[in-house]
Amino acid sequence: MRILTTVILGLALCAGGGASFASDRNTSYDIVILNGRVMDPETKLDAIRNVGVKNGKIAVITEKALSGKETIDATGHIVAPGFIDIHSHTSNIPLGQKLHLRDGVTTPLDMESGAYPVDLWYELLEGKSQTNYGATVSAAGIREQLSNPDYKTSTGSILLDAFDPHTDSMFDMSVSSFLPSKEQIDAMEDMIEEGISQGGLGIGIPVGYMTRGTTSEETIMWQRVVAKHNLTTVLHGRFSSQQPPATGILGTQEMLANLAVYGGGLYVSHIHQQALGLTSSAIDFLADAKERGLNTVAAIYPYYQGATIAGADYLEPENYQRNMGRTYKDIIEVATMKPLTEERYNELIKEQPGASVIFAGVDEAIMLAALADPGTLVESDAAPLNVTETGDLAIDWDIPFESIQGHPRAAGTHAKVLRLVREKGLMPMMLAVSKMTYMPASFLENSGVSMMSQKGRIQVGSDADITIFDPETVTDNATMAKGGLASTGIPFVIVNGTVVVRDSKVLKGVYPGQAIRSDGSSR
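Residues numbered from 1 in each chain as written. Predicted model: local features only at pLDDT ≥ 70, side-chain atom pairs only at ≥ 80, totals over all residues. Heavy atoms only, no water.

### Some words on the overall build of the protein chain
Item 1. Helix and strand counts for the protein chain come out as 15 helices and 25 strands.
Item 2. Once the C-alpha set of the protein chain is aligned to its principal axes, its extents read approximately 70 × 45 × 40 Å.
Item 3. Taken across its 523 residues, the protein chain has 63% of its residues classed as buried.
Item 4. Put simply, 75% of the contacts in the protein chain that link residues at least 6 apart link residues at least 24 apart.
Item 5. Accessible surface, the protein chain: about 18700 Å² in total, of which carbon and sulfur atoms supply 51%.
Item 6. Separation of charge centres in the protein chain, based on 41 positive and 61 negative side chains, amounts to 6 Å. (Helix = DSSP H or I, 4+ residues; strand = E, 2+ residues; numbered from the N terminus. Buried < 20%, exposed > 50% of the residue type's maximum accessible area, 1.4 Å probe, protein only. Contact = heavy atoms within 4.5 Å. Areas by Shrake-Rupley, 256 points an atom, 1.4 Å probe, with all protein chains shown as cover. Lys, Arg positive; Asp, Glu negative; His and termini not counted. Charge placed at Lys NZ, Arg CZ, Asp CG, Glu CD.)

The following block contains the structure:
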């Protein structure tokens, strides 16, 4: 169904069976959204309503007619809170934000890899962000700083430094095997405290990329620090395995024990790619922990393939082949889109360990069951894509969508979930919307980020982050070969009361995005 927008100077009457309602004549709104199916996961509102937006906030939700400077006819569409993606690695990239917006995401956050220095990461986005933005303090970034005296980042993102072969950061993967002294762990704690004071949303702990070096003293310290500030750790578990002695469940248990002792929160990223065939047991384990009062949650992205760097610990043959049940040919080099051989794998490890790869992980049926579980959240783990012709990272806003390759989750995660709801009846629509809006907002609100109490909701007084989509047509279009093809069926996206996507086009040069910082911020 087509959606139209027009500028209305006078009265906007509600449509629907020829009926009309009394107008709110005393108020002219910045934006009015008419006749949409408004879905608010917190209150369970699911009804045809009109929404008025004023001064960046939702000002009214009503059956009455409204007038405004801009009117969106949402007939046949769902009016949902703007989607929140806790686990994105492209939230600070212009093209990444553009793809997020086309996928309905208004608040992508880099919380698993995180940022360091935190101030640098935030400063680079201030006044230049189309989406809301925020990051945790990066434990990996700190470890690289301490272990590699030549490392110097200009982005604040260790992941971008790892992916970009042209970077002059001198990133060398020493983070992977760095074994810190007691004095260095103390230095890490001071650096984390500094990052939290700068607004860091917790601590990003991708232990799966530094399995051999990360000590138990570090993991204990991480949780103790976040608990002091009522924040959360965001975990990429130490093991990706379904075989003893080191299973993906064990990697989660490691941090869950620290959570039980100190408190705070624990967000377990893409648990399906760590636990693999044991995923249902791992999710049940976390659900039992939550039932006993621990602040923890797991997230899923809707793909059985993952994306990472060639030098990832878990892709080493002794793990990937024995414990994950895969072979070299299950790993694709993104620059060439060809499966690896043993020879090519060894070349990348020696010459470019940060090379972008896609790997087969969990079985698809297990992933789908985990995605549908009522307790899990949706995340994308969006990774930077590559320009097909050159192999360079796709950074610039104007790069054509069709000229990019890489994992489709950077472009299509949320639309794919909605398509699965339509085509497979994977879960109720309200639950799907909640997993992408209210549930992540609520977890962060309860984990020291009170700013999120105004997001993930369609309620009077909430921030006007709004995603409008057609449940009958919303579709992910990205593929491995065309990883940048934007989602369709999401014609309007509003960020803090400003239209950023209109008629399925992202508006260039419109920057309403605001920084999301923790309550511990001194900024």
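Structure shown, so let's carry the discussion forward.
### Here's the deal with the pattern of salt bridges
Charged atoms that come close allow side chains of opposite charge to pair.
Item 1. Summed over all chains, the structure comprises 21 salt bridges.
Item 2. R212 is the salt-bridge partner of D313, the closest N and O atoms lying 3.9 Å from each other. Here R212 lies in the loop between β11 (202-205) and α6 (216-228) and D313 lies in the loop between β15 (305-309) and α10 (317-320), a separation of 101 residues in the sequence.
Item 3. Within this structure, K57, K455, D463 and D465 form a network of salt bridges that share partners. (Salt bridge = Lys/Arg side-chain N within 4 Å of Asp/Glu carboxyl O.)

### Some remarks on the pairing of strand β13 (residues 265-268)
Item 1. Alternating positions in β13 separate into two faces, G265 and Y267 on one and L266 and V268 on the other, with burial throughout.
Item 2. With four bridges connecting them, strand β12 (residues 232-235) and β13 associate as parallel partners. Considered in β13, the bridge of L235 is made with V268.
Item 3. A crossover links β12 with its parallel partner β13, the connecting element being helix α7 (residues 248-262), and its sense is right-handed.
Item 4. Looking at chain direction, β13 and strand β14 (residues 295-300) are connected through four bridges and run parallel. Along β14, the bridge assignment pairs L266 with T296. (Pairing = 2+ DSSP bridges. Right-handed = clockwise from strand over helix to strand, strands pointing away.)

### A look at the sheet that holds β12
Item 1. With parallel pairing, the seven strands of this open sheet are ordered in space as β9-β10-β11-β12-β13-β14-β19. The open sheet terminates on both sides in strands that have one partner only, identified here as β9 (110-115) and β19 (377-378).
Item 2. Across the sheet, α7 lies against β11, β12, β13 and β14, angled at about 165 degrees from β13, the strand it touches most. (Axes fitted to C-alpha atoms, helices over the stretch in contact; angles between N-to-C directions.)

### Considerations on helix α1 (residues 94-102)
One turn of the α-helix equals 3.6 residues, which is why residues spaced by three or four share an orientation.
Item 1. The buried fraction of α1 amounts to eight of the nine residues, a majority that puts the element mostly inside the structure.
Item 2. Among all positions of α1, only L95, G96, Q97, K98, L99, H100, L101 and R102 are buried.
Item 3. Of the residues trailing α1, G104 is marked for its positive phi of about 90 degrees.

### Observations concerning unusual backbone geometry
Excluding glycine, a negative phi dihedral is what most residues carry, and trans is how most peptide bonds are arranged.
Item 1. Y116 connects to P117 through a cis peptide bond whose omega is 0 degrees.
Item 2. Mapped onto the elements, P117 comes out in the loop between β9 and α2 (118-125).
Item 3. In this model, P244 is joined to P245 through a cis peptide bond whose omega is 10 degrees.
Item 4. Checked against the element boundaries, P245 lands in the loop between β12 and α7.
Item 5. Residue L276 is not a glycine yet carries a positive backbone phi of 55 degrees.

### Notes on the nonpolar core
Item 1. I192, W222 and F469 are the most contacted members of the largest nonpolar core, which has 138 residues in total.
Item 2. A per-element tally of this core places helix α13 (residues 409-424) first, with seven residues.
Item 3. If you look at the next biggest cluster of nonpolar residues, it comprises 16 residues, including V51, I72, A74 and A464. (Core = buried A, V, L, I, M, F, W, Y, C linked by side-chain atoms within 4.5 Å.)

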